[in-house]
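Each chain is listed here by its residues.
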Amino acid sequence: MIDSAKRFGVVDIGTLKVKFQVVEKKASGKLRTVYQSNNLTCLGCYMGENNNRPKDEYLQKTLIELARCKKLLEKYRVSKVRVVSTHALREMGVVGDEVAKLIKDKVGLKVEIISQKEEAELFYQAVLSDFEIQSDDVIADVGWGSVRILIGNKNSLKESFLLKPGTSTLWDKFTPKHKEMDFPNRGEIMQMKNYILRELHPVPTGLKAPIIYGASC
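Residues numbered from 1 in each chain as written. Predicted model: local features only at pLDDT ≥ 70, side-chain atom pairs only at ≥ 80, totals over all residues. Heavy atoms only, no water.

Okay, the environment of Thr169 next. Mapped onto the fold, Thr169 is located in helix 5 (residues 167-174). Looking at Thr169, the relative accessible area reads 16%, which means it is buried. Taking the C-alpha atoms as reference, Thr169 lies 7.7 Å from Trp144; in sequence the two are 25 residues apart. Once residues within four sequence positions are removed from consideration, Thr169 is found in contact with His87, Trp144, Gly145, Lys164 and Tyr195. (Helix = DSSP H or I, 4+ residues; strand = E, 2+ residues; numbered from the N terminus. Buried < 20%, exposed > 50% of the residue type's maximum accessible area, 1.4 Å probe, protein only. Contact = heavy atoms within 4.5 Å.)

Here's what the structure looks like:
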């Protein structure tokens with residue numbers, strides 16, 4: 001039987017999904033995935049129309065999913081787990097702290113609300129572990145809540161552009177009266193485009209580096 005001390009878990013509570021992974025560290029130092037899931041919970045969806053608070057149905061859905069993850073952590077006898085939350089709880093401010101406490105009380109998982117800078121650095125390191133990056137590359141991480149454009153190579157992350165035109169941000173900002181399955185009209189799309197271009201303004205133009213793109217939306 002595998003030594004449970006070599007098993008680690010990560011739970012990422014995102015704006016749209018809860019991502020969960022259990023890995024086993026082999027003697028060689030390589031990691032093998034024991035279990036992973038990526039389930040829709042929508043914790044940060046429609047916050048703009050709900051006074052920057054999570055809607056109760058989505059909060060309950062998130063709690064149920066986290067309770068499921070907790071049971072699997074116990075099943076796989078994980079010795080160390082890190083639970084992080086990103087854009088949604090960051091944007092909620094004090095309410096985000098209250099949600100993190102609720103998760104601790106109801107589920108028994110301690111949540112770290114990490115900064116966008118730390119989120120960018122973790123994403124960058126994850127990409128580097130899977131790609132042989134020799135020269136400078138541009139890594140674009142377009143999430144449901146926020147966006148990161150990272151420039152660097154295997155030796156260092158040289159520049160980080162931490163932006164907010166994620167999918168839910170655009171939806172809340174420019175289509176607040178729409179129903180879930182409605183499409184934006186042309187005027188709303190143009191407003192979104194102009195907002196995105198303003199957000200992208202600090203990013204250098206004429207980059208010749210290859211782009212690696214990742215997104216949950």
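If you walk through the whole model with that rule in mind, you get 4 aromatic pairs. For the ring pair Tyr46 and Tyr58, a centre distance of 6.3 Å and an interplane angle of 25° mean the geometry is stacked. Of this pair, Tyr46 sits in the loop between strand 3 (31-40) and helix 1 (56-75) while Tyr58 is found in helix 1, placing the two residues 12 residues apart along the sequence. Considered together, Tyr46 and Tyr58 belong to a single accessibility category, that of buried residues. (Phe/Tyr/Trp six-rings, centres within 6.5 Å; stacked < 30°, edge-to-face > 60°.)

Moving on, we come to the pairing of strand 4 (residues 80-85). Sheet topology places strand 1 (residues 7-13) next to strand 4; 6 bridges connect them, and they run parallel. Bridged to Phe8 within strand 4 is Lys80. One ladder, built from 3 bridges, connects strand 4 with strand 5 (residues 111-113); its direction is parallel. Residue Val84 lies in a different strand from strand 5, and its bridge partner there is Glu112. (Pairing = 2+ DSSP bridges.)

Quick look at helix 6 (residues 186-200) now. Across its 15 residues, helix 6 extends 21 Å between first and last C-alpha, which sits within 8% of the 21 Å expected from 1.5 Å per residue. Every buried residue belonging to helix 6 is among Glu188, Met192 and Tyr195, and all of these are buried. On an axial view of helix 6, the arc spanned by its buried residues comes to 65°, and they lie on one face. The inward-facing, buried residues of helix 6 abut helix 5. Measuring from the side-chain oxygen of the N-cap residue of helix 6 to the backbone nitrogen of Gly187 gives 3.1 Å; that N-cap residue is Asn185. (Expected span 1.5 Å × (residues − 1). Arc of directions from axis to C-beta. Polar contact = N/O pair within 3.5 Å; in protein donor to acceptor, adjacent residues only side chain to side chain.)

So, about the layout of surface pockets. If you add up the space inside the largest pocket, you get close to 1,700 Å³. Taken together, 43 residues form the lining of the largest pocket, with Val10, Asp12, Gln21, Leu122 and Ala126 sitting closest to its centre. Its residues assigned to classes, the lining of the largest pocket comprises 16 nonpolar, 17 polar and 10 charged. (1 Å grid on protein atoms, 1.4 Å probe; cavity = no way out; pocket = protein on both sides within 12 Å on 5 of 7 lines; lining within 4 Å. Points joined across faces, edges and corners; volume = space filled by probe spheres on them. Nonpolar A, V, L, I, M, F, W, Y, C, P; charged D, E, K, R; others polar.)

Counting residues in hydrophobic clusters, the biggest one holds 26 residues, and the most contacted among them are Ile13, Leu66, Met92 and Ile103. In terms of residues, this core owes the most to one element, helix 1, which gives 6 residues. Sequence-distant contacts of Ile13, that is, excluding residues within four places in its chain, are made with Val18, Leu43, Thr62, Leu66, Val83, Val84, Ser85, Thr86, Ile103 and Val111. Counting residues in hydrophobic clusters, the runner-up holds 8 residues, among them Val142, Val147, Ile151 and Phe161. (Core = buried A, V, L, I, M, F, W, Y, C linked by side-chain atoms within 4.5 Å.)

The subject of this paragraph is helix 1. Helix length check: helix 1, at 20 residues, gives a terminal C-alpha distance of 29 Å against a target of 28 Å (1.5 Å per residue), a fit within 8%. Against the buried residues of helix 1 lie strand 1, strand 2 (17-25), strand 3, strand 4 and helix 3 (94-107). Immediately downstream of helix 1, the backbone of Arg77 shows phi near 50°, a positive value.

As a further point, take the packing of helix 1 against helix 3. Taken N-terminus to C-terminus, the directions of helix 1 and helix 3 make an angle of 45°; their axes are 10 Å apart at the nearest point. When the axis of helix 1 is compared with that of helix 3, the two are oblique. Both helix 1 and helix 3 take part in a crossing whose hand is right-handed. In this structure, helix 1 uses Leu59, Leu63, Leu66, Ala67 and Lys70 to contact helix 3, whose residues at the interface are Val99, Leu102, Ile103, Lys106 and Val107. Class assignment for the residues of the contact of helix 1 with helix 3 results in 8 nonpolar, no polar and 2 charged. (Axes fitted to C-alpha atoms, helices over the stretch in contact; angles between N-to-C directions. Parallel < 35°, antiparallel > 145°, perpendicular 65-115°, else oblique. Left-handed = near helix turned anticlockwise from the far one by under 90°.)

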